[in-house]
Amino acid sequence: MAKQGFIFNDAGPAAVYWDGNDMGPTFGGVNFRAEQANIDLKEDAHGEANVGQITNGETASVNVPLTRTSLTRLARIFPNATLAGNKLTVKNPVGEDLYDAAKTLILKPMVNGVATVDTTKWITFFKAAPTHALELNFGGDQRVIECTFVAYVDQDSANFGKMYEFGA
């Protein structure tokens, strides 16, 4: 029987593209997480037991552990960074709406070290913005920069109301 539709690869890395740019090598595995939020419904007669639930939205994020990266790639994930030559200057971002910085994020499974061009295997996030947690180890371990892309509900394009999709 032929396989049809979106099929998850059982194992292997993913290439990460944000706003059409390859985010470069990763180490530690790219991790996609989506979680539906629910409101518990209760009634006095049933105490603390739920009598139902109502959906209350969904959150989605992708953790991308960047390694062996460049200043150009780092400048993309720092919201208030400026790159001038070989210097990346990061300012303190306060009050910035990250939705304004959100772009399309695509996860492409890799086969034999190459990102697949088969769009039916991709996971596409219509609007996602990077956040980061920078902790550089200058000991014996490999340096990794944790970048988390937070997905938003698209509010201003042909994909209005959508967050992500599997396949093409």
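Residues numbered from 1 in each chain as written. Predicted model: local features only at pLDDT ≥ 70, side-chain atom pairs only at ≥ 80, totals over all residues. Heavy atoms only, no water.

Caption draft 1: A look at the overall build of the chain. Helix and strand counts for the chain come out as one helix and eleven strands. In sequence order, the chain lays out its α and β elements as β-β-β-β-α-β-β-β-β-β-β-β. In terms of overall dimensions, the chain has a C-alpha envelope of 65 × 50 × 40 Å along the principal axes. Long-range contacts, defined as pairs at least 24 residues apart, comprise 60% of the intrachain contacts of the chain with a sequence gap of at least 6. Averaging the locations of the 14 positively and 19 negatively charged side chains of the chain gives two centres separated by 12 Å. (Helix = DSSP H or I, 4+ residues; strand = E, 2+ residues; numbered from the N terminus. Contact = heavy atoms within 4.5 Å. Lys, Arg positive; Asp, Glu negative; His and termini not counted. Charge placed at Lys NZ, Arg CZ, Asp CG, Glu CD.)

Caption draft 2: Geometry of the side chain of D154. Along the chain, D154 turns up in the loop between β10 (145-151) and β11 (164-166). Once you skip the residues sitting within four places of it in the chain, D154 turns out to touch Y99, F126, K127, N159, F160, G161 and K162.

Caption draft 3: Spatial organisation of a nonpolar patch on the surface. Taken together, the side chains of I39, L41, V51 and I54 make up a nonpolar region of the molecular surface, amounting to roughly 310 Å² of accessible area. By secondary structure assignment, the location of I54 is in strand β4 (residues 52-66). (Patch = residues over 30% accessible without salt bridge, like charges linked within 9 Å, V, L, I, M, F, W, Y side chains within 5 Å. Areas by Shrake-Rupley, 256 points an atom, 1.4 Å probe, with all protein chains shown as cover. Salt bridge = Lys/Arg side-chain N within 4 Å of Asp/Glu carboxyl O.)

Caption draft 4: Geometry of unusual backbone geometry. Positive phi, close to 55°, is recorded for D19, a residue that is not glycine. Within the fold, D19 resides in the loop between β1 (14-18) and β2 (21-22). Judged by its relative accessible area of 43%, D19 falls in the partly exposed class. Phi is positive for R68, which is not a glycine, with a value near 50°. The topology assignment puts R68 in the loop between β4 and α1 (71-77). (Buried < 20%, exposed > 50% of the residue type's maximum accessible area, 1.4 Å probe, protein only.)

It is worth stressing that arrangement in space is one thing and function is another; only the former is reported here.
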